[in-house]
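Listed below are the residues making up each chain.
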Amino acid sequence: MKKVTVSSLLKKKQAAEKITALTAYDASFARLFDDEHIDALLIGDSLGMVLQGDDDTLQVTVDDIAYHTRAVRRGVDRAFVLADMPFMSYATPESAYTNAAKLMAAGASMVKLEGGSWLQETVRGLVDRSVPVCGHIGLTPQAVHVFGGFKVQGRNSEQAQKIIDDAVALEKSGIQLLVLECVPSALAKAITEKLSIPVIGIGAGKDTDGQILVMHDMLGVSANYMPKFSKNYLAETGDLRKAVRLYIEQVKSGAFPAAEHSFE
Ligand code: KIV
């Protein structure tokens, strides 16, 4: 079985084949997703909300992510594994190096950082030290209190230009993947076309190079909440494995996300 790598993800973008991704936090779900040939699994700091029951992701620690990364890694043979750097764990380049090293040692093949051009030095430093980096812009949940809630970003032209500039700056600094969260579909399309690296969307419309969802949202089991951009595949199929299979099929075919899961 061929392992998914940064190079194979890039080839998918170049061949206009959609990239499929989900969050995962334990070995059993990671195994199930891997068996169904998901391309990438993210140990997201969303675990603060869907596993730990908090209102946001700010309390998640590097040790939490490392613990779940070790578990996910044990369940995976094929998928590409990314781990989130939690809030304030990359506030300085030096803290980013120390904390990224812990996540790579736990089994991640790439770390993900939320933020724009202010991260350029940190991204360069990580890449120079052989740590592959995924950017994350748009609605960055660690900045929820700056945004005043989990709100769609980039709806006015000034904000949209800032997000485009951030994407370009991060690519120049060396990120090899970008997550674009909750932005208007037209903006996501423009960024996806502008960048050479794969862009994975969540609430960013159908034109990104791939899609990611929080697994609990995709299965409709997130406590009290179903974001507009997600879809309950378990309700639709009545079976866990079939739900994952249908999600992967619909991302690949472009059937997901539909207009109702996207923002203007
Ligand atoms: O933490 C997370 O699960 C994420 C995804 C929503 C992309 O960052």
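Residues numbered from 1 in each chain as written. Predicted model: local features only at pLDDT ≥ 70, side-chain atom pairs only at ≥ 80, totals over all residues. Heavy atoms only, no water.

Caption draft 1: The packing of helix α5 (residues 93-105) against helix α6 (residues 120-128), seen in detail. Interhelical geometry of α5 versus α6 gives an angle of 40° and a closest axis separation of 9 Å. Of the possible angle classes, the one that applies to α5 and α6 is oblique. Crossing of α5 against α6: the hand is right-handed. In this structure, α5 contributes Pro93, Ala96, Tyr97 and Ala100 to the contact, and α6 contributes Glu121, Thr122, Gly125 and Leu126. Of the residues assigned to the contact of α5 with α6, the class counts are five nonpolar, two polar and one charged. (Axes fitted to C-alpha atoms, helices over the stretch in contact; angles between N-to-C directions. Helix = DSSP H or I, 4+ residues; strand = E, 2+ residues; numbered from the N terminus. Parallel < 35°, antiparallel > 145°, perpendicular 65-115°, else oblique. Left-handed = near helix turned anticlockwise from the far one by under 90°. Contact = heavy atoms within 4.5 Å. Nonpolar A, V, L, I, M, F, W, Y, C, P; charged D, E, K, R; others polar.)

Caption draft 2: Main features of the side chain of Glu36. With respect to the helices and strands, the residue Glu36 is situated in the loop between α2 (27-35) and β2 (40-43). Among the residues examined, Glu36 registers a relative accessible area of 14% and is labelled buried. Setting aside chain neighbours within four positions, we find Glu36 in contact with Arg241, Val244, Arg245 and Ile248. (Buried < 20%, exposed > 50% of the residue type's maximum accessible area, 1.4 Å probe, protein only.)

Caption draft 3: Focus on the packing of aromatic side chains. As enumerated under the stated definition, the model contains five aromatic pairs in all. Ring plane angle 35° and centroid distance 5.8 Å describe the contact between Phe29 and Phe33, whose orientation is recorded as tilted. A residue pair is termed a helical-turn pair when its members lie 3 or 4 positions apart in one helix, as Phe29 and Phe33 do in helix α2 at four residues. Accessibility expressed as a relative area gives 24% for Phe29, which makes it partly exposed. For Phe33, a relative accessible area of 0% gives the class buried. (Phe/Tyr/Trp six-rings, centres within 6.5 Å; stacked < 30°, edge-to-face > 60°.)

Caption draft 4: Seen up close, the sheet that holds strand β7 (residues 199-202). Strand order around the closed barrel formed by eight strands is β1-β2-β3-β4-β5-β6-β7-β8, with parallel pairing between neighbours. Pairs of neighbouring strands in the sheet enclose a mean axial angle of 25°, with direction left out of account. Sheet analysis places β2 next to strand β3 (residues 80-84), joined by four bridges and oriented parallel. What sits directly across from Ala40, in β3, is Phe80. Along the sheet, α5 contacts β3 and β4 (110-114); its crossing angle with β4, the most-contacted strand, is approximately 140°. Sheet contacts for helix α12 (residues 240-253): β1 (19-23) and β8 (210-213); angle to β1, the most-contacted strand, approximately 140°. (Pairing = 2+ DSSP bridges.)

Caption draft 5: Quick look at empty space enclosed by the protein. In the structure shown here, the tally under the stated rule is one cavity of 30 Å³ or more. Looking at the largest cavity, its volume works out to about 60 Å³. The wall of the largest cavity is formed by Ala21, Ala40, Leu42, Leu82, Lys112, Cys134, Leu177, Val179, Ile200 and Ile212. When residues of the lining of the largest cavity are traced back to their parent elements, those giving at least two are β2 and β6 (177-181). Looking at the lining of the largest cavity, its residues break down into nine nonpolar, no polar and one charged. (1 Å grid on protein atoms, 1.4 Å probe; cavity = no way out; pocket = protein on both sides within 12 Å on 5 of 7 lines; lining within 4 Å. Points joined across faces, edges and corners; volume = space filled by probe spheres on them.)

Caption draft 6: Main features of the layout of surface pockets. Space inside the largest pocket adds up to approximately 690 Å³. If you go around the largest pocket, you meet 35 residues; those closest to its centre are Met49, Phe150, Val214, Asp217 and Tyr225. Counting residues per element, the ones that place at least two in the lining of the largest pocket are α3 (47-50), β4, β6 and β8. For the lining of the largest pocket, the residue count by class is 18 nonpolar, eight polar and nine charged. Around the second largest pocket, the lining is made up of 22 residues, and of these Gly115, Trp118, Thr140, Ala143 and Phe147 lie nearest the centre. Ranked by the residues each element gives to the lining of the second largest pocket, the list is headed by helix α8 (residues 157-173), at five residues.

Read these as layout, nothing more, since geometry by itself doesn't imply function.
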